[in-house]
Amino acid sequence: MTTAGTRHYDFSAAPGALRPLEARSTLVETAVRRAFQRFLEAAFPEGLALMAVGGFGRQELFPHSDVDLLLLVERAVLAERQRGRVSAFLQELWDAGLRVSHSVRAPAECCELDERNIELSVSLLDQRFLAGDRGLHAKFVLQLCRFLHRQRQRLAFHLGRLVRARHARHREAIYELEPNIKESPGGLRDLQLVRWLSQFRAAAPDRLPRLDLPPELEPARAFLFGLRSWLHARAGRDNNLLTFDLQEEAAADPAEFMRGYYHHARGVHRAAVRELETVESHASPLLAQFQDWRARLANAEFSVSREQVFLRVPHQLPHDAPLILRLFEYVARHGMRLAAETERHVAAALPRLAEFAAAPRPFWPALRPVLSLPHAALALRAMHETGVLKTVFPEWGRIECLVIRDFYHRYTVDEHTLRAIESLWSLRAADDPAARSFAELFAEVDDPALLTFALLFHDLGKVGGGAGHIPESLGAAEAAMERIQMPAPARHTVRALIEHHLDLSAVMNSRDLDDPATAAALAERVGTLEILKQLTLVTYADISAVNPTALTPWRRHLLWRVYLLGCRQLTRALESERITAGPADSHERAAFLEGFPARYLRTHEKAEIEAHRELERRARERGVAVDLRKQDDTYRLTLVAPDRPFLLAAAAGALASFGMNILKAEGFSNRAGTVLDEFVFADPLRTLELNPPEADRLRATVERVVLGKVDVKTLLARRPPPQPPSRRSRLRPAVSFDAGASEAATLIQIIAEDRPGLLYDLARTISSAGCNIELILIDTQAHKAIDVFYVTAEGRKLDAAREAALGESLLAVCQPAG
């Protein structure tokens, strides 16, 4: 199975993939029959039939798969009387190392529709007699045939419903970087679905259908069967997750190996979806009426049947390359899939399209509607699946099924790109109030085709590994825009969107949004308000497509703040008028504010300031005052205390000891020596929501830590260590200093593997160096922490010597364990 001298496994040879499954099924069958003879044969001379079902029934038993058995009893009371012998039979199999999954049922139970247990009816499609009463089994089979024939449409519909739910759990993701080869779309369950639905269709009242897979899916079956057998053997258990480490072990060239996997998964998924659509179209009369209405959208070139697009004159396609683009424009306009027959005609016409698209010509007018109509994302995915996209843009072929391994992205580069475009266009129908502002922004864009085009090319430079990919992406886009003769103003917009598509994320993650220098630098890079709007949408789409949880409400809030910041700067609606307090301020209020940085007034309303003054009064009495409030999906903890060394570090450590994920921290100090620290944090385990008394305990712990009554290190030591990333995902820490990012402070950016107490250690190190932390910005992505500190020493920016010494100390703190 391996190639000499390498760690390469061949999963493609069909006989080699199937023989081990059949061999194990035979061995297990022998053990099951032997146990039956020992424990059940004498007790049940008749009235019980032992059957293999599911994968065991198909003789497709993987090394660590469950052994599915059905004990068919003529009358339930018989099994009840011999419960001890049935238990002994099963115990014998468990002691032999078999994972037995069994049920005891009467024929009538097996031949009734239970919508909560469709899996039982599905498993009976592959039933096989093993031992016991053959007469009972023969009568049952005839009864089962009649049941399956009578209920075939309802069974198929409910099976399809379960499959749709499974696909939704995996977010329809074929191109996950670490797929579950059984459960993911395009995996083994989808492969079996194609056969099961065919069997339901072929069900007859007098025989059980025995159908093979379509021949075009046999290579995929051989590959997936061989791969799953290897995963089981490698793990010593029922493991179906193809992790990065296992990909490296499976192939000398993991990237090429995964391209092969995605190729097979794509074919399986498409076949499964076709079967599902056929089932669903027959199941709902209302759907059929709607589809009949949609058929009226047909024109002289295209017809519609059952929500699928057909060519009226298919033989014209190889001789009329622009007709292919008109086909996908039709999809983008009406939102319907291509029929399988249409896809075959498109595939046959690809060589002619390649010749047409290779020569420079004014292709943009024909392409622009595809990229700007309401269902542009669906059209582009269809172009990708049929090979049209990389035929029109050969540059796209560079990232097809391309794996860039990290611990943050979930999908291949091409899938990430398509999902980004889908996220962008989903804003048209967004009903989430949190996304409404971005939807309104999208509605203001004059030419969404340019946005779509820029997203299509924004990551094409990642073929070299992902770092510094923007110049390569720009080069690919330039070549394509020249070839399709895109107008010069449009090219300028696309260039700006690709060149700056990471800028807003950088500002979100590593800049003080309340520092005027940040707004000025952002406006200078973006240039125009229109580009800012489009970059905001590109960033929204790009983050959304990284993984299902990447665009958290907090990040969405930060992105909108960045947009407003740039918008105010570009329209000269600056906030400078609101920086200083008015003359009506009382003496007490003025004393409280004196010495605070100007951003305090910019970022806090009058009611908040009054609440902070109340905390200050309590702090004078007790030495510290803490307020904790929930804000949407985050929490804000405000701490007021007399200034003392390591104050912010101690509070950060206390929050970390409770498992809180700190998103942002700010520190203010007035001339009287009072410190006001604010932490915005997430509660990933919902500790405070599920256990309300924990909020009081958290407040009390922070107070005790600040007062020096509890040691932070002791609290942090109680936290379990985090799950380390895979070998390929280990992160080398980096520390950088930027004296020009702020007018008054030095910016320190730290990138490191996240761990409990990291912020505490960093803040303690900075304070130990005699530095004052003015502001902290925190962003955590999976195992990756991006921490930004605005720091001063003796009221000034850091000098070169202090930077060098502090940099070494911070790097030492950030070194990954192990």
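Everything below is about the structure printed above this text.
Every residue gets a number counted from 1 within its own chain, in the order that chain's sequence is written. Residues qualify for local features only when their pLDDT is at least 70, as the model is predicted, and side-chain atom pairs are given and counted only at 80 or more; totals for whole chains, interfaces and linings, by contrast, use all residues. Excluding hydrogens and water, the side-chain figures rest on all heavy atoms present in the structure.

Once that is clear, we can look at the sheet that holds strand β1 (residues 48–52). In this scheme, strands are said to pair when DSSP sees at least two bridges between them. Put simply, DSSP marks the helices as runs of H or I at least four residues long and the strands as runs of E at least two long, and each gets a number from the N terminus on. Strand order in this open sheet of 4 strands is β3-β2-β1-β4, and the pairing throughout is mixed. Unpaired on one side and paired on the other, β3 (100–105) and β4 (128–132) mark the two borders of the sheet. Put simply, the sheet's adjacent strands are angled 25° from each other on average, direction ignored. Where β1 and strand β2 (residues 67–73) come together, 5 bridges link them in antiparallel fashion. Paired with alanine 49 across the strands is leucine 72, a residue of β2. Any two residues whose heavy atoms approach within 4.5 Å are treated as being in contact. For helices, the axis comes from a line fit to the C-alpha atoms of the stretch in contact; other axes are also lines fit to C-alpha atoms, and the angle between any two N-to-C directions lies between 0 and 180 degrees. Here helix α4 (residues 83–95) sits on the sheet in contact with β1, β2 and β3, set at roughly 160° to β3. Helix α7 (residues 134–150) rests against β1, β2 and β4 of the sheet, and its axis sits at about 65° to β1.

Quick look at the packing of helix α25 (residues 516–526) against helix α27 (residues 553–570) now. The angle between the axes and the distance between the axes are what describe a pair of packed helices. Running from N to C, α25 and α27 point in directions that differ by 80°, and their axes come no closer than 9 Å. Here α25 is positioned roughly perpendicular relative to α27, judged by the angle of their axes. Side by side, α25 and α27 meet where Thr518, Ala519, Ala520, Leu522, Ala523 and Val526 of the first sit next to Val562, Leu565, Gly566, Gln569 and Leu570 of the second. Put simply, Ala, Val, Leu, Ile, Met, Phe, Trp, Tyr, Cys and Pro go in the nonpolar bin, Asp, Glu, Lys and Arg in the charged bin, and everything else, Gly too, in the polar bin. Class assignment of the residues belonging to the contact of α25 with α27 gives a composition of 8 nonpolar, 3 polar and no charged. What sets the label is the angle itself: under 35 degrees gives roughly parallel, over 145 gives roughly antiparallel, 65 to 115 gives roughly perpendicular, and the rest give oblique.

Here helix α31 (residues 647–657) lies mainly inside the structure; 11 of its 11 residues are buried. Every buried residue belonging to α31 is among Leu647, Leu648, Ala649, Ala650, Ala651, Ala652, Gly653, Ala654, Leu655, Ala656 and Ser657, and all of these are buried. Glycine 659 occupies a position one or two residues after α31 and carries a positive phi of about 80°. Here's how the labels work: a residue is buried when its accessible area is under 20% of the maximum for its type, exposed when over 50%, partly exposed in between, all with a 1.4 Å probe on protein chains only.

Moving on, we come to the pattern of salt bridges. What makes a salt bridge here is a side-chain nitrogen of Lys or Arg within 4 Å of a carboxyl oxygen of Asp or Glu, nothing more. Applying the stated criterion across every chain yields a total of 58 salt bridges. A salt bridge links aspartate 66 to arginine 99; its shortest N-O distance comes to 2.9 Å. With aspartate 66 in the loop between α2 (54–57) and β2 and arginine 99 in the loop between α4 and β3, the pair connects residues that are 33 residues apart, well separated along the chain. On the basis of relative accessibility, which here comes to 34%, the residue arginine 99 falls in the partly exposed class. In this structure, aspartate 320 engages arginine 326 in a salt bridge whose closest nitrogen and oxygen atoms are separated by 2.9 Å.

Relative to the assigned elements, arginine 270 resides in helix α12 (residues 254–283). It is 9.3 Å that separates the C-alpha atoms of arginine 270 and glutamate 385, two residues lying 115 residues apart in sequence. Non-local contacts of arginine 270, meaning those with residues more than four positions away in its chain, are made with Glu343 and Glu385.

Here the distance between the centres and the angle between the planes together describe a pair of aromatic rings. Two rings from Phe, Tyr or Trp (for Trp, the six-membered ring) form a pair when their centres are within 6.5 Å of each other. A pair whose planes differ by under 30 degrees is stacked, one over 60 is edge-to-face, and the rest are tilted. Within the structure shown, the criterion is met by 17 aromatic pairs. Ring geometry for tyrosine 175 versus tyrosine 262: centroids 5.5 Å apart, planes at 50°, classification tilted. Here tyrosine 175, found in the loop between α8 (152–169) and α9 (188–201), pairs with tyrosine 262, found in helix α12; they are 87 residues apart in sequence, far enough to count as distant. Assigned by exposure class, tyrosine 175 and tyrosine 262 land together as buried. Relative to phenylalanine 453, the ring of tryptophan 364 has its centre 6.0 Å away and its plane inclined at 85°; by these criteria the two rings are edge-to-face. Here tryptophan 364, found in helix α16 (residues 364–372), pairs with phenylalanine 453, found in helix α21 (residues 448–457); they are 89 residues apart in sequence, far enough to count as distant. The residues tryptophan 364 and phenylalanine 453 share a single accessibility class, namely buried. Every member of this aromatic cluster is reached through a ring pair, and the members are Trp364, Phe393, Phe453 and Phe457. One residue, arginine 128, lies across the ring of phenylalanine 56, its end atom 5.5 Å from the ring centre. Comment: the charge-over-ring label is applied if NZ (Lys) or CZ (Arg) is within 6 Å of the ring centre and within 35 degrees of the ring normal. The ring of phenylalanine 356 carries the charged tip of arginine 361 above its face, separated from the ring centre by 3.9 Å.

It is worth spelling out the pairing of strand β6 (residues 308–311) at this point. In terms of strand pairing, strand β5 (residues 302–305) meets β6 through 4 bridges, oriented antiparallel. Each bridged residue has a counterpart across the sheet, and for serine 303 the counterpart in β6 is phenylalanine 310. The hairpin turn running from β5 into β6, its antiparallel successor, is 2 residues long, and arginine 306 in that turn takes a positive phi close to 50°. Bridge count for β6 against strand β7 (residues 337–338) is 2 bridges, and the pairing is parallel.

Side-chain atoms within 4.5 Å are what join buried Ala, Val, Leu, Ile, Met, Phe, Trp, Tyr and Cys residues into a set we call a nonpolar core. Ranked by internal contacts, the top residues of the largest apolar core, which has 107 residues, are Phe328, Trp364, Val388, Phe393, Phe453, Phe457 and Met486. The biggest single contributor to this core is helix α14 (residues 321–334), with 9 residues. Setting aside anything within four residues of it in sequence, one finds valine 388 in contact with Ile324, Phe328, Val346, Leu350, Leu353 and Met383. Counting residues in each nonpolar core, the second largest holds 65 residues, with Phe62, Leu120, Leu124 and Cys401 among its members.

We now examine the side chain of glutamine 199. Within the secondary structure layout, glutamine 199 lies in helix α9. Since its relative accessible area comes to 1%, glutamine 199 is described here as buried. Those residues in contact with glutamine 199 that lie beyond four places of it in its chain are Leu125, Asp126, Pro209, Arg210 and Leu211.

To continue, consider unusual backbone geometry. In the Ramachandran plot, glutamine 485 falls in the positive-phi region, its phi being about 55° despite a non-glycine side chain. Structurally, glutamine 485 is set in the loop between α22 (470–484) and α23 (488–499). The exposure class assigned to glutamine 485 is partly exposed, which follows from its relative accessible area of 37%. For phenylalanine 646, which is not glycine, the phi torsion reads 65° and is therefore positive. Within the secondary structure layout, phenylalanine 646 lies in the loop between β9 (634–642) and α31. Since its relative accessible area comes to 36%, phenylalanine 646 is described here as partly exposed.

Now for α4. To estimate how far a helix should extend, the number of its residues minus one is multiplied by 1.5 Å. In this model, α4 (13 residues) spans 18 Å end to end at C-alpha, consistent with the 18 Å of a helix rising 1.5 Å per residue. When we look at burial in α4, the residues that qualify are Val86, Phe89, Leu90 and Leu93. Down the axis of α4, the buried set is contained in an arc of 90°. They therefore lie on one face. Opposite the buried face of α4, at more than 90 degrees from it, the exposed residues are Gly84 and Asp95. Immediately downstream of α4, the backbone of glycine 97 shows phi near 90°, a positive value. Arc, as used here, means the arc of the directions from the helix axis to the C-beta atoms.

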